[in-house]
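Below are the chains, spelled out letter by letter.
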2 protein chains.
Amino acid sequence: MTQERVGATYLVETPYSLEYAAEKIAGEQSTGTFTAVPGETDALKELHGVKVVSVKELEQVQSPSLPGVKLPSNHNGVFYRGEVKVSFPLHNFGPSIPNLLTAVAGNLYELQELSGLRLMDVEIPESFKDVYQGPKFGIKGTRQLTGVEGRPIIGTIIKPSVGLSMEELQKTVMNLALAGLDFIKDDELNANPPYAPLEKKVKAVMESVERAADKTGKKLMYAFNITGDINELRRNHDLVVKAGGNCVMASINSIGITGVAYLNTFSEVPIHGHRNQWGMLTRCPSLGMEFTAYQKLCRLAGVDHIHVNGLNGKFYESNESVVKAIHACTELLLDGYETMPVVSNGQWAGTACATYESTKSVDMMHLAGGGIMAHPDGPAAGFESMKLAWEAAVNGISFEQYAKEHHQLRKAAELFSSKK
Amino acid sequence: MTQERVGATYLVETPYSLEYAAEKIAGEQSTGTFTAVPGETDALKELHGVKVVSVKELEQVQSPSLPGVKLPSNHNGVFYRGEVKVSFPLHNFGPSIPNLLTAVAGNLYELQELSGLRLMDVEIPESFKDVYQGPKFGIKGTRQLTGVEGRPIIGTIIKPSVGLSMEELQKTVMNLALAGLDFIKDDELNANPPYAPLEKKVKAVMESVERAADKTGKKLMYAFNITGDINELRRNHDLVVKAGGNCVMASINSIGITGVAYLNTFSEVPIHGHRNQWGMLTRCPSLGMEFTAYQKLCRLAGVDHIHVNGLNGKFYESNESVVKAIHACTELLLDGYETMPVVSNGQWAGTACATYESTKSVDMMHLAGGGIMAHPDGPAAGFESMKLAWEAAVNGISFEQYAKEHHQLRKAAELFSSKK
């Protein structure tokens, strides 16, 4: 049997000792049940048991973070927090993302010995490479397809999210394409609705993309939202590719990470991964999953782009956490599997500087919905304001200074600063 | 355009007024972005906007349940809790489970205007029937296949969960089948591991099942864990069916609800839905999802059986919540879509009485791992103890009284009462 192991690190909170909680986690996810059963021999435990690798004490708190905890009879009123690392023999489930999920998460979140549990990180062994090839395009391939180097790929999201007629959509895309944008995506709320079926949408959008490309010499990347039932993914993907489209988008949590892996078995264009519903898995600090763990599984499954939030955005996440997420996407996984982070939500030219200052990276997509489309001088000025802001940031020029020299920046600041 | 709507009810917590939060939710999930964009006309809003149906005030609290909330400038220190119901025009996304998920959950959990958000319920309109046929077997079909009437379908889980050799597994199944059990399932941790590939497992298990059936005249139902990548589901399912197997099990959250719906497009036997990882979505009371909403989507996708927890079990969930979950599974959904609740974890004969008293129902599976397999007199006595306990419960006889007359019950109580 292979000696490869899958590592999993958790933030644990418990009214018991952290060592006891760690053993409970290990037992629950391998050979254990609530009572000894025949066949649970020492040899079997040795070969298949989950091992506790390390237990690191953190702070103590006076009340449980989650409900339903069973207190020890001699409870001293303290809940211990710590970082617990365990490792699973890979041969318990093999290189399989869905079965890895069951192993590292499974029923653990429901244990009454724990008052908090959060999956912080997973370590993926080499064998997964044999099954999952990961992103086919990633950062390099996406740069090649868009022809953008030295700065982020700048794009927008079709707004209003829902309700545009084919004619309005086609006109909007034409305007944006003529404005020179690198990238446009469908909104996650708009995939294949009855009033705007994907087939018609692809046709309408690609006509604008191609006609604009004839004029500008630049063909933008359009991420068509192909989210749907599993049986629809191939048809939807093929519709896009046959029409000359160069990107498909999927809501990762709607089709499942396993759905993404399936899409990646036949996709011919980059997969733009939208992580909506992610807040449900991560916003409670003592439950769920850290993005560090989540994005590894998404990258393994094959997302070429993955949404993170934006700095100074409209969501709850702190800038520090957003920066950590941006970096996480480009850290090597199994010697590769690079994915392009997609910085989005509440973004406009003004957020570019903070993003560069905090990350010192231009390897990302930077998307602004209203921040481009609602620019007082139109989307071309909106796009220009984004490029200018990145230019300023990379060259160490202050936004204010550059805004004095460039009206697109100045007007963006006048409108959007007050909205934030 | 159709006038059908999808309803969604949330538990909301906010430092703003509940009415403001409700409008924020509605805007975020339909036409809105952080600034007005061209094309967002009143007519478009009327046709595609999400409508606030009702806002019901609940209690007020003094601190936010979730981090990252943006306080209003004139904040009075109060966080308002309430039940907010909104409705989506179905034509915004059509009868599609994955796109419904994006609509009703989406980015809402990340809004900084909210300090708590939990999806409590969804209302599914009729059109979904045209796309999703739901459970093909449910309670009635599962009773027909197992030949069990008038009491729960009683079964066990193969333990130890991982590590049994083919010979040990075959022997274990033979013992359990000869003991007369109605049902056995693979553990969720054990699907298709390298040391026990599904193909061999199916062969070994079905030999025991068939040979025992020849002797006892009763063929038990065995739920093979076929959880795997999407591309493997059909192969795995077909392996089971070709070998004469009569049930497949899938970890719902590992293959995704969309993965379940896909499996249901070709499955010929009941789908046993395991909800591991569910705790991650539900244990924080101010985040995630209530089982009422979750099980509707699972049933729509086609699970014939769905795991709930067990009363007096080893997990955090309260008995009251477990009872609510059991009832939820059998409430009509679109005039049908009945699913058999699977009561499991930390179960033994002693928990049968509490289960019947609280539910007054026998329409469930009642699974005991150690509670059957580790019975002092072996699994036949373990199975008998479960049947006797239900017999007592249904006939209004006390467990203690029946235990005096039946040694299988007495011995179970002696061993397991002390373990709980």
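Now for a look at the structure at hand. (Residues numbered from 1 in each chain as written. Chains lettered and ligands numbered in written order. Predicted model: local features only at pLDDT ≥ 70, side-chain atom pairs only at ≥ 80, totals over all residues. Heavy atoms only, no water.)

A word on empty space enclosed by the protein
Next, step 1: In this structure the tally under the stated criterion is 7 cavities of 30 Å³ or more.
Next, step 2: A volume near 460 Å³ is recorded for the largest cavity.
Next, step 3: Around the largest cavity, the lining comprises 25 residues; the ones closest to its centre are N253 and L281 of chain A together with N253, G256 and L281 of chain B.
Next, step 4: Among the elements of the structure, α9 (252-263) and α10 (278-282) of chain A together with α9 (252-263) and α10 (278-282) of chain B are those that each provide at least two residues to the lining of the largest cavity.
Next, step 5: If one sorts the elements of the lining of the largest cavity by residue count, α9 of chain A sits on top with 7 residues. (1 Å grid on protein atoms, 1.4 Å probe; cavity = no way out; pocket = protein on both sides within 12 Å on 5 of 7 lines; lining within 4 Å. Points joined across faces, edges and corners; volume = space filled by probe spheres on them. Helix = DSSP H or I, 4+ residues; strand = E, 2+ residues; numbered from the N terminus.)

Some thoughts on the interface of chain A and chain B
Next, step 1: If you look at the interface, chain A gives 96 residues, while chain B gives 96 residues.
Next, step 2: When chain A packs against chain B, close to 8000 Å² is buried across both sides, 60% of that on carbon and sulfur atoms.
Next, step 3: K314 of chain A serves as the salt-bridge partner of E28 of chain B, at 3.3 Å between the closest nitrogen and oxygen.
Next, step 4: Linking chain A to chain B there are 32 residue pairs in polar contact (both at pLDDT 80 or more).
Next, step 5: For the side of chain A that touches chain B, the elements supplying multiple residues, two or more each, are α2 (42-48), α3 (97-104), α8 (230-242), α9, α10, α14 (370-373) and α17 (407-419) of chain A.
Next, step 6: Among the elements that take part in the side of chain A that touches chain B, α9 of chain A stands out by supplying 7 residues, more than any other.
Next, step 7: Residue classes in the side of chain A that touches chain B are distributed as 43 nonpolar, 42 polar and 11 charged. (Contact = heavy atoms within 4.5 Å. Buried area = accessible area lost by both parts, 1.4 Å probe. Salt bridge = Lys/Arg side-chain N within 4 Å of Asp/Glu carboxyl O. Polar contact = N/O pair within 3.5 Å; in protein donor to acceptor, adjacent residues only side chain to side chain. Nonpolar A, V, L, I, M, F, W, Y, C, P; charged D, E, K, R; others polar.)

A closer look at the sheet that holds strand β11 (residues 340-343) of chain A
Residues and elements named next belong to chain A.
Next, step 1: Spatial ordering of the closed barrel is given by β5-β6-β7-β8-β9-β10-β11-β12, a layout of 8 strands whose pairing is parallel. With direction set aside, neighbouring strand axes in the sheet form an average angle of 25 degrees.
Next, step 2: Taken together, the 3 bridges between strand β6 (residues 183-185) and strand β7 (residues 221-225) define a ladder with parallel strand orientation. Residue pairing across strands places I184 opposite Y222, the latter belonging to β7. (Pairing = 2+ DSSP bridges. Axes fitted to C-alpha atoms, helices over the stretch in contact; angles between N-to-C directions.)

A few points about the relation of the copies chain A and chain B
Next, step 1: Expressed as a screw transformation, the operator carrying chain A onto chain B has a rotation angle of 180 degrees and an axial translation of 0.0 Å, and the superposed copies differ by an RMSD of 0.0 Å. Put plainly, the chains are arranged around a two-fold axis. Minimal C-alpha separation from the rotation axis in chain A is found for G256 of chain A, amounting to 2.4 Å.
Next, step 2: When you check the interface residues of chain A against chain B, 100% turn up at the interface there too, and the contact is symmetric in its surfaces. (Least-squares fit on C-alpha atoms with pLDDT ≥ 70 in both.)

Just distances and angles here, no functional claims.
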